[in-house]
Amino acid sequence: MTSTILQDQGIRPLVLVVMGVSGCGKTTLAAGLHNLLGWPYQEGDLLHPKANVDKMAAGIPLTDADRLPWLQRCHDWLKQRVESGQGGILTCSALKRSYRDILRAGAPGIVFVYLQIPPDILRARLERRRGHYMPPSLLPSQLATLEPPTPDEHPVIVTLEETPADMIAKTIGILANRYPEKGAPASA
């Protein structure tokens, strides 16, 4: 079934990191891509050590030292997906270039999908969100830490769309154009 789904979308298997600050829609986009593409999906938040979750739940921003074990766990998952050749999707804030460098070390071909959402919309989303350990009070620290991916990182940049379905469709379109299935023509 997966090969039929992949063929229908016209995208070769990729390893994606859906990235951006908290509340930007990483989980929504990643789950939608997973449902359409059939690639394995890992919610990056679930790879955080308990100490990180406790710290964020208390409203304390993580340091680079706090993030390192989490980034290593994310890297290990990504590397396994690259080695499998079957694609994969990971949600991970990947806020700094140095974090993205850790994620892609020894795992060539990882594609970063950056969700670029205005701060006022992010705040509103975080204030409505229930059951997540990340409080809205940490958004300013995430925005201050954010180093958007640069052109040399070849990111797929997705901006706010009307609906989650629109955002998923836009992302699929960009991926199909940039990374066509072998034998499938890239769209203009």
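Provided above is the structure to which this section pertains.
The model shown is predicted, which means the values in this text are computed figures rather than measured ones.

S.K.: Explain the overall build of the protein chain residue by residue, including any values.
M.R.: Within the protein chain, the regular secondary structure consists of eight helices and five strands. Each helix and strand of the protein chain, placed in order from N terminus to C terminus, yields the pattern α-β-α-β-α-α-β-α-β-α-α-β-α. Every one of the 188 residues in the protein chain was classed for burial, and the buried ones make up 45%. For the protein chain, the share of sequence-separated contacts (at least 6 apart) that also reach a separation of at least 24 residues comes to 75%. Summed over its atoms, the accessible surface of the protein chain is roughly 9100 Å², and 56% of this surface lies on carbon and sulfur atoms.

S.K.: Kindly report on helix α4 (residues 64–84), identifying the contributing residues and their values.
M.R.: Given a rise of 1.5 Å per residue, 21 residues ought to cover 30 Å, and the 29 Å separating the end C-alpha atoms of α4 matches this to within 8%. Along its length, α4 reaches its greatest deviation from straightness, about 25°, at W70. Taken as a whole, α4 has its buried residues at D66, R67, W70, L71, C74, H75, W77, L78 and R81. Check the buried side of α4 and you find it contacts β1 (15–19), β2 (41–43), α3 (50–57), β3 (88–91), α5 (97–104) and β4 (110–116). Directly beyond the C-terminal end of α4, a positive phi value near 70° is found at G85.

S.K.: Go over the side chain of Q42, please, and point to the residues and values.
M.R.: Mapping Q42 onto the fold places it in strand β2. Excluding residues within four positions of it along the chain, Q42 makes contact with L47, W77, I89, L90 and T91.

S.K.: Residues and numbers for the pattern of salt bridges, please.
M.R.: On inspection of all chains with the given rule, the structure shows eight salt bridges. Here R104 makes a salt bridge to E153, at a shortest N to O gap of 2.8 Å. Highlighted residues: R104 in helix α5 and E153 in the loop between α7 (139–145) and β5 (156–159), separated in sequence by 49 residues. When salt bridges that share partners are traced, they join R97, R100, D101, R104, D152 and E153 into one network.

S.K.: I'd like a description of the packing of α4 against α5, backed by residues and values.
M.R.: Running from N to C, α4 and α5 point in directions that differ by 35°, and their axes come no closer than 8 Å. The handedness of the crossing between α4 and α5 comes out as right-handed. Between α4, through D64, R67, L68, L71, C74, H75 and L78, and α5, the contact on the second element is made entirely by Y99, I102 and L103. When its residues are assigned to classes, the contact of α4 with α5 shows seven nonpolar, one polar and two charged.

Scoring rules and cut-offs
Residues numbered from 1 in each chain as written. Predicted model: local features only at pLDDT ≥ 70, side-chain atom pairs only at ≥ 80, totals over all residues. Heavy atoms only, no water. Helix = DSSP H or I, 4+ residues; strand = E, 2+ residues; numbered from the N terminus. Buried < 20%, exposed > 50% of the residue type's maximum accessible area, 1.4 Å probe, protein only. Contact = heavy atoms within 4.5 Å. Areas by Shrake-Rupley, 256 points an atom, 1.4 Å probe, with all protein chains shown as cover. Expected span 1.5 Å × (residues − 1). Bend = angle between axes of the 7 residues up to and from the residue. Salt bridge = Lys/Arg side-chain N within 4 Å of Asp/Glu carboxyl O. Axes fitted to C-alpha atoms, helices over the stretch in contact; angles between N-to-C directions. Left-handed = near helix turned anticlockwise from the far one by under 90°. Nonpolar A, V, L, I, M, F, W, Y, C, P; charged D, E, K, R; others polar.

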